[in-house]
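# Fold and geometry: a report
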Amino acid sequence: MSDEALIVLDKVNKWFGPLHVLDNVSLSVAKGEVVVVIGPSGSGKSTLCRAINRLEPINDGTITFDGQALPAEGRPLARLRSEVGMVFQSFNLFAHKTILQNVMLGPVKVRKEKPAVVRDRAMALLERVGIGNQAEKYPAQLSGGQQQRVAIARALAMQPKAMLFDEPTSALDPEMVGEVLEVMTSLAKEGMTMVVVTHEMGFARHAANRVVFMADGQLVESAPPAEFFANPKSDRAKDFLSKILTH
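The rules we used
- Residues numbered from 1 in each chain as written.
- Predicted model: local features only at pLDDT ≥ 70, side-chain atom pairs only at ≥ 80, totals over all residues.
- Heavy atoms only, no water.
- UniProt positions renumbered as here; feature names shortened; annotations may be inferred.
- 1 Å grid on protein atoms, 1.4 Å probe; cavity = no way out; pocket = protein on both sides within 12 Å on 5 of 7 lines; lining within 4 Å.
- Points joined across faces, edges and corners; volume = space filled by probe spheres on them.
- Helix = DSSP H or I, 4+ residues; strand = E, 2+ residues; numbered from the N terminus.
- Nonpolar A, V, L, I, M, F, W, Y, C, P; charged D, E, K, R; others polar.
- Expected span 1.5 Å × (residues − 1).
- Buried < 20%, exposed > 50% of the residue type's maximum accessible area, 1.4 Å probe, protein only.
- Arc of directions from axis to C-beta.
- Contact = heavy atoms within 4.5 Å.
- Core = buried A, V, L, I, M, F, W, Y, C linked by side-chain atoms within 4.5 Å.
- Pairing = 2+ DSSP bridges.
- Axes fitted to C-alpha atoms, helices over the stretch in contact; angles between N-to-C directions.

For the protein, the name recorded in an unreviewed UniProt entry is ABC-type polar-amino-acid transporter, with Paractinoplanes abujensis as its organism. Per UniProt, the protein has the following entry under Catalytic activity (unreviewed entry): "a polar amino acid(out) + ATP + H2O = a polar amino acid(in) + ADP + phosphate + H(+)". One UniProt comment on the protein, placed under Sequence similarities (unreviewed entry), says "Belongs to the ABC transporter superfamily."

Here's what the structure looks like:
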């Protein structure tokens with residue numbers, strides 16, 4: 001992890017009508033850092049994640065990525081988005097394309113890279129996420145856990161500088177959660193810059209460099225996982241942890 005910040009949010013505000021979903025949020029994520037964002041439902045976690053690649057426009061404040069302010073639209077925004085991989089709850093794979101075609105699509109269409117080069121990279125990535133043998137299948141033939149691993153490989157195929165995960169395991173059956181978290185953990189170990197919104201406290205404990213706790217649109221607390229779980233400072237975090245860690 002370097003001291004250099006890759007993602008910087010400065011006093012970011014976002015309203016949905018009267019609802020203040022991001023309330024003066026400032027957060028800096030260093031290159032190679034894994035930041036896990038946790039908190040109760042409706043705390044603004046997903047909105048924060050989506051604001052980083054401008055899927056969600058903000059009303060106020062600034063967000064910079066790798067030293068550049070987020071462009072509002074057009075080509076510069078598309079370029080930025082290609083440098084920030086995003087994995088959602090839903091896999092959003094193209095049903096009529098094979099797994100391999102799904103992973104190759106971005107680099108070939110967006111980056112205009114040579115298909116032969118991309119094919120090799122895509123196959124290597126599918127191997128890396130443990131489904132190289134499924135390359136010629138279609139998404140519907142795969143389990144949810146496998147489809148989510150394809151979605152991760154697809155994001156990695158663009159060779160992004162950072163990866164954003166918005167509750168990547170919450171739509172999965174419990175027995176599939178582990179296989180996806182395993183891929184994410186290995187990415188974290190390899191030094192990928194990651195912002196992960198999740199309910200998986202085990203992942204937060206083991207893979208995060210820092211846990212960020214949000215409530216009511218505010219960034220309430222930020223600490224290394226060992227410190228946060230052992231000794232949360234705010235009442236909101238104590239309350240949240242007492243509810244989830246006793247079950």
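Alright, that's what it looks like, and here's the rest.
### Considering the layout of surface pockets
Taken as a whole, the largest pocket spans an internal volume of roughly 550 Å³. Surrounding the largest pocket, 20 residues form its lining, R81, M86, G106, R154 and M158 being those nearest its centre. Within the residue set of the lining of the largest pocket, elements represented by two or more residues are α2 (74–83), β6 (84–87), α3 (99–109) and α5 (144–157). Partitioning the lining of the largest pocket into residue classes produces 12 nonpolar, six polar and two charged.

### Remarks on helix α4 (residues 115–128)
Taking 1.5 Å per residue, 14 residues should reach 20 Å; α4 reaches 19 Å between its end C-alpha atoms and fits that length. When we look at burial in α4, the residues that qualify are V118, R121, A122, L125 and L126. One side of α4 carries all its buried residues, which in axial view fall inside an arc of 140°. Exposed and oriented more than 90 degrees from the buried face of α4 are A116, D120 and E127. Looking at the buried residues of α4, the elements they touch are α3 and α5. Looking one or two places after α4, you find G130, whose phi comes out positive at around 85°.

### Observations regarding the nonpolar core
Counting 53 residues, the largest nonpolar core has L126, I152, M163, F165, M184, M194 and F228 as its most contacted members. Examining the composition of this core, we find that eight residues originate from one element, helix α6 (residues 174–189), more than from any other. Those residues in contact with M163 that sit more than four places away from it in its chain are G85, V87, I152, A155, L156, L187, M192, T193, M194 and V195. By size, the runner-up hydrophobic cluster in this structure holds 28 residues, among which are V25, I63, V84 and L164.

### Considering the sheet that holds strand β8 (residues 193–197)
The sheet built from six strands is open, its strands ordered β6-β7-β8-β3-β9-β10 with mixed pairing. Unpaired on one side and paired on the other, β6 and β10 (218–223) mark the two borders of the sheet. Strand-to-strand twist in this sheet, taken as the mean axis angle between neighbours without regard to direction, amounts to 15°. The pairing of strand β7 (residues 162–166) with β8 spans five bridges and is classified as parallel. Residue pairing for β8: M163 is matched across the bridge by M194.

### Some details on α2
Looking only at α2, the buried set comprises L77, L80 and S82. In this structure, the buried side of α2 is in contact with α1 (45–52), β4 (60–65) and β6.

### Thoughts on the sheet that holds strand β1 (residues 5–16)
Strand order in the open sheet made by the four strands is β2-β1-β4-β5, with antiparallel pairing throughout. At either end of the open sheet lies a strand with only one pairing partner, and these are β2 (19–30) and β5 (68–69). Sitting on the sheet, α1 is in contact with β1, β2 and β4, with an inclination near 55° to β2.

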